[in-house]
Each structure stands twice: as structure tokens, then as C-alpha cells.
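# Structural description and commentary
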Amino acid sequence: MERTLSLVKPDGVNRNLVGEVIRRFEKEGLKVLALKMLCLTKKQAEAFYAVHKGRPFFDELTAYMSSGPIVAMVLEGENAVARVREIMGATDPQEAAPGTIRADLGLNKGENTVHGSDSLENAAKEIAFFFSEHELKATER
Ligand code: IDP
Ligand code: MG
């Protein structure tokens, strides 16, 4: 069993796609372990995407990610990290495989509707960024 972090980005929340994104994960057998809506400050977005600091799109990305509410969730399942990345599709909606969230719902490379952790190690860090030990414990089955 693995746990991973996914976000519905501001464009997804804005276009009423929260339920649709969660439905696609649940339909594939992933379990929602924790869930919350919040707004990131620019500083928090910069910390979350620190690995991209120095990239040309860093300022645009962190401004966008702090531009409105997002929904953060912890998903659990077998190979959850890779499966969530598969269900999301490639970063650029134009390059994402048909039937993936980004191909079907993404607007462009920046406003691509969802985030998913890219490794088990980053998943643990990203889960801890959004959820306290207490919040995860509260829903343990
Ligand atoms: P990922 O979300 O598929 O893992 P990353 O390369 O880690 O993609 O980039 C993080 C996020 O930064 C992307 O999801 C996207 O929102 C944004 N991003 C990446 N590359 C570009 C770009 O070339 N222009 C604008 N935004 C970008
Ligand atoms: Mg990434």
C-alpha cells in the first residue's frame, strides 16, 4: 500500500471539477484518506514547489497556485504514486494520453487541473506539507 498527495488546482476548483477529479481517483480504487480545501499564500506555494525554484515558470506557477482555493487530498492504494500520475496524464494537456484528467479537463501546461506526487519520497514530504499527523490518524481505518 502507498499513500500519495494530490491537489485539485485553482482552475479545477474554479470550474467545479472537484467532484469529477475525486470521482476519477475513486473509480480506479484509490481511497481518499484525508481531504481539505485551502488557499496557499505565495510563500507557501514557493515552499511547496521549491524543487522548481530557478525555473522560468516558477513565478508564474507559484502566483497561479496561490490565486484561489485548492483541494488537497491523501490517496491510498497499491502503487498509488504511479497510478495517480497515470490517471492525471502528462504535464501538458496537449501531450497527455486520451482519457486522463489533464487531457480531458486541463486548460494548458500551467493550468493543468491536478497535481500528484512524483515519488514515494516526495509523497511523504508533500503529505506532511498539507496534513498533520493528527489529521491522518483521525481517519485511519
Ligand atoms: P508535474 O505537475 O506533471 O509533475 P512538473 O514538471 O513537476 O509537472 O511542474 C510542476 C507544475 O508546474 C506543472 O504541473 C505545471 O502546473 C507547471 N509547469 C510546468 N512546466 C511549465 C511550463 O513550461 N509553463 C508553465 N507552467 C509549467
Ligand atoms: Mg512534478
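Quick note: structure is the one above.
To keep things clear, this report deals only with the structure shown in the data block.

How each quantity is defined
- Residues numbered from 1 in each chain as written.
- Chains lettered and ligands numbered in written order.
- Predicted model: local features only at pLDDT ≥ 70, side-chain atom pairs only at ≥ 80, totals over all residues.
- Heavy atoms only, no water.
- Helix = DSSP H or I, 4+ residues; strand = E, 2+ residues; numbered from the N terminus.
- Rg over C-alpha atoms; globule rule 2.2 N^0.38 Å.
- Buried < 20%, exposed > 50% of the residue type's maximum accessible area, 1.4 Å probe, protein only.
- Contact = heavy atoms within 4.5 Å.
- Areas by Shrake-Rupley, 256 points an atom, 1.4 Å probe, with all protein chains shown as cover.
- Phe/Tyr/Trp six-rings, centres within 6.5 Å; stacked < 30°, edge-to-face > 60°.
- Core = buried A, V, L, I, M, F, W, Y, C linked by side-chain atoms within 4.5 Å.
- Near = heavy atom within 4 Å.
- Polar contact = N/O pair within 3.5 Å; in protein donor to acceptor, adjacent residues only side chain to side chain.
- Nonpolar A, V, L, I, M, F, W, Y, C, P; charged D, E, K, R; others polar.
- Salt bridge = Lys/Arg side-chain N within 4 Å of Asp/Glu carboxyl O.

### Let's talk about the overall build of the protein
Regarding its fold elements, the protein presents eight helices and four strands. Starting at the N terminus and ending at the C terminus, the protein contains elements arranged as β-α-α-β-α-α-β-α-α-β-α-α. Radius of gyration (C-alpha) of the protein: 14 Å, near the 14 Å computed for a compact globule of 141 residues. Dimensions of the protein, computed from the C-alpha atoms along their principal axes, are close to 40 × 35 × 25 Å. A buried classification covers 45% of the 141 residues belonging to the protein. Sequence-distant contacts, at least 24 apart, represent 76% of the contacts inside the protein between residues at least 6 apart. With the model as given, the accessible surface of the protein reaches about 7,600 Å², and the carbon-plus-sulfur share is 51%.

### Quick notes on the packing of aromatic side chains
Applying the stated criterion across every chain yields a total of four aromatic pairs. Aromatic pair phenylalanine 48 and tyrosine 49: ring centres 5.0 Å apart, planes at 85°, arrangement edge-to-face. A relative accessible area of 8% places phenylalanine 48 in the buried class. Ring geometry for phenylalanine 48 versus phenylalanine 130: centroids 5.3 Å apart, planes at 65°, classification edge-to-face. Separated by 82 residues along the polypeptide, phenylalanine 48 in helix H3 (residues 42-48) and phenylalanine 130 in helix H7 (residues 120-130) bring together distant segments of the chain. In this pair, the class of phenylalanine 48 matches that of phenylalanine 130, namely buried.

### Details of the nonpolar core
Counting 19 residues, the largest nonpolar core has Leu5, Leu7, Met65, Val74, Phe130 and Phe131 as the members making the most contacts within it. When residues of this core are traced back to their parent elements, those giving at least two are strand E1 (2-8), strand E2 (31-38), H3, helix H4 (58-65), strand E3 (70-77) and H7. Sorting elements by how many residues they give to this core places H4 first, with four residues. Setting aside residues no more than four positions away along its own chain, phenylalanine 130 makes contact with Leu5, Leu7, Lys36, Leu38, Leu40, Phe48, Ile70, Ala72 and Glu135.

### Details of the site of ligand 1
Residues in contact with ligand 1, as listed here, are Lys9, Tyr49, His52, Phe57, Glu60, Leu61, Arg85, Thr91, Arg102, Lys109, Gly110 and Asn112. Between ligand 1 and lysine 9, the relevant distance is 2.9 Å, taken from an oxygen atom to a side-chain nitrogen or oxygen of the residue. Between ligand 1 and the protein, one listed contact pairs an oxygen atom with a side-chain N or O atom of arginine 102 at 3.0 Å. Here ligand 1 has 530 Å² of accessible area as a free molecule, and 81% of this is covered by the chains. Here the residues of the shell around ligand 1 sort into three nonpolar, four polar and five charged.

### Digging into the pattern of salt bridges
The tally for this structure, following the rule as stated, stands at nine salt bridges. Note that arginine 3 is salt-bridged to glutamate 76, the shortest N-O span being 3.1 Å. On the criterion of sequence distance, the pair formed by arginine 3 in strand E1 and glutamate 76 in strand E3 is long-range, its members being 73 residues apart. We note a salt bridge from aspartate 104 to arginine 24, for which the minimum N-O separation is 3.0 Å. With aspartate 104 in helix H6 (residues 101-105) and arginine 24 in helix H2 (residues 18-27), this pair connects stretches of sequence that are 80 residues apart. Accessibility expressed as a relative area gives 42% for aspartate 104, which makes it partly exposed. Judged by its relative accessible area of 14%, arginine 24 falls in the buried class.

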